[in-house]
Amino acid sequence: MELIQNTADLSAYLAADEVIDHHHPVVRETAARLAEGVADSYAYARAAYEFVRDTIPHSADADDPRVTWRASDVLERRTGICYAKAHALAALLRAEDIPTALCYQRLVHDDGSGHAVHGLVAVRFHGAWHRQDPRGNKAGVGAQFSLEGEQLAWIPDPASNEVDYPALYAEPHPAVLSALKAAPDRSALWKTLPSTL
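Definitions and cut-offs
Residues numbered from 1 in each chain as written. Predicted model: local features only at pLDDT ≥ 70, side-chain atom pairs only at ≥ 80, totals over all residues. Heavy atoms only, no water. Helix = DSSP H or I, 4+ residues; strand = E, 2+ residues; numbered from the N terminus. Rg over C-alpha atoms; globule rule 2.2 N^0.38 Å. Buried < 20%, exposed > 50% of the residue type's maximum accessible area, 1.4 Å probe, protein only. Contact = heavy atoms within 4.5 Å. Areas by Shrake-Rupley, 256 points an atom, 1.4 Å probe, with all protein chains shown as cover. Lys, Arg positive; Asp, Glu negative; His and termini not counted. Charge placed at Lys NZ, Arg CZ, Asp CG, Glu CD. Pairing = 2+ DSSP bridges. Axes fitted to C-alpha atoms, helices over the stretch in contact; angles between N-to-C directions. Parallel < 35°, antiparallel > 145°, perpendicular 65-115°, else oblique. Left-handed = near helix turned anticlockwise from the far one by under 90°. Core = buried A, V, L, I, M, F, W, Y, C linked by side-chain atoms within 4.5 Å. Phe/Tyr/Trp six-rings, centres within 6.5 Å; stacked < 30°, edge-to-face > 60°. Lys NZ or Arg CZ within 6 Å of the ring centre and 35° of its normal.

*Asks:* A description of the overall build of the chain should follow, citing residues and the corresponding values.
*Replies:* What the chain contains, in helices and strands, is six helices and six strands. Walking the chain from its N terminus toward its C terminus, one meets helices and strands in the order β-α-α-α-α-β-β-β-β-β-α-α. Whereas a compact globule of 197 residues would reach a radius of gyration of roughly 16 Å, the chain reaches 15 Å, a difference of no more than 12%. Taking all 197 residues of the chain together, the buried fraction comes to 52%. Excluding contacts between residues fewer than 6 apart, the proportion of contacts in the chain whose partners are at least 24 apart in sequence is 62%. About 8,800 Å² of surface is accessible on the chain, with carbon and sulfur atoms providing 49% of the total. Each charge class in the chain was averaged separately, 18 positive and 27 negative side chains, and the resulting centres sit 4 Å apart.

*Asks:* A description of the pairing of strand β4 (residues 128–132) should follow, citing residues and the corresponding values.
*Replies:* Most of β4 sits out of view: four of its five residues are buried. By the bridge criterion, five bridges tie strand β3 (residues 115–125) to β4 in an arrangement that is antiparallel. Along β4, the bridge assignment pairs R124 with W129. Between the end of β3 and the start of β4, which pair antiparallel, lie two residues, with H126 showing a positive phi angle near 55°.

*Asks:* How would you summarise the packing of helix α1 (residues 25–35) against helix α2 (residues 41–55) if you had to cite specific residues and measurements?
*Replies:* Where α1 contacts α2, the axes come no closer than 9 Å and their chain directions differ by 120°. One way to sum up the angle between α1 and α2 is to call them oblique. Where α1 crosses over α2, the handedness of that crossing is right-handed. Of the residues in α2, those in contact with T30, A31, L34 and A35 of α1 are Y44, A47, A48 and F51.

*Asks:* Break down the nonpolar core for me, citing the residues and quoting the values.
*Replies:* Judged by nonpolar contacts, the single largest core of 53 residues is most densely connected at Y83 and L92. Of all elements in the fold, only α1, α2, α3 (71–77), α4 (82–95), β2 (100–108), β3 and α5 (174–182) reach the threshold of two or more residues within this core. Considering every element that reaches this core, the biggest residue donor is α4, with 11 residues. In this structure L92 touches V27, T30, A31, L34, Y44, A48, F51, V52 and L75, once residues within four positions along its chain are discounted. Counting 10 residues, the second largest nonpolar core, distinct from the first, contains L3, A12, C103 and A122.

*Asks:* Tell me what's going on with the packing of aromatic side chains, and back it up with residues and numbers.
*Replies:* Within the structure shown, the criterion is met by five aromatic pairs. Look at Y42 and F125: their rings are 4.7 Å apart centre to centre, the planes differ by 50°, and that puts the pair in the tilted class. One end of the pair, Y42, is in helix α2; the other, F125, is in strand β3, with 83 residues separating them in the sequence. Residue classification places Y42 among the partly exposed positions, given a relative accessible area of 35%. Among the residues examined, F125 registers a relative accessible area of 6% and is labelled buried. Through a chain of ring-to-ring contacts, three or more aromatic side chains come together here, namely Y83, Y104 and Y169. Its guanidinium or amino end placed over the ring of W69, K181 lies 4.9 Å from that ring's centre, counting from NZ or CZ. In this structure, R186 is placed above the aromatic ring of W190, and the distance from its NZ or CZ to the ring centre is 5.6 Å.

Purely geometric numbers; function is a separate question.
Structure representation (structure tokens):
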């Protein structure tokens, strides 16, 4: 699948905003800590990915009712669903001048009751975009950081109407962000997750 920038200007994928707030002190401090002792930007990207994947539990796995959406809040509260974790990773990567996009898949719900949009990131290295899934591993999910071929949490099944969306967004998709902002808790969010983009 060819990944397509939603915005032609590459600098948009380095920008800070309300969600990917990489100017925030907690993001800057975390980025500085992760950057200590790494050899280059590739090693930093892997360290940031593994930090978000492994030390910030996915709120569904942890049965945490809190909903986070701003990168600094995800890092501070140590919780979030896939979208929130993608926002946190994007902020950490952009804080170190690594172009990072938000991207999405449409997957069947865990309980089989319809579809939900799943959030990931794509990083730009070697003149190309490489998708990464910081969701967090669990039984049956073994996502890894890779620039040599995708190792995502899930591969969509077209027979189940699952989809890889090719668009690379500089900002969260409006449907995703509005669902996150409107939800008082995770159980309410689960009922309002976008099912398509």
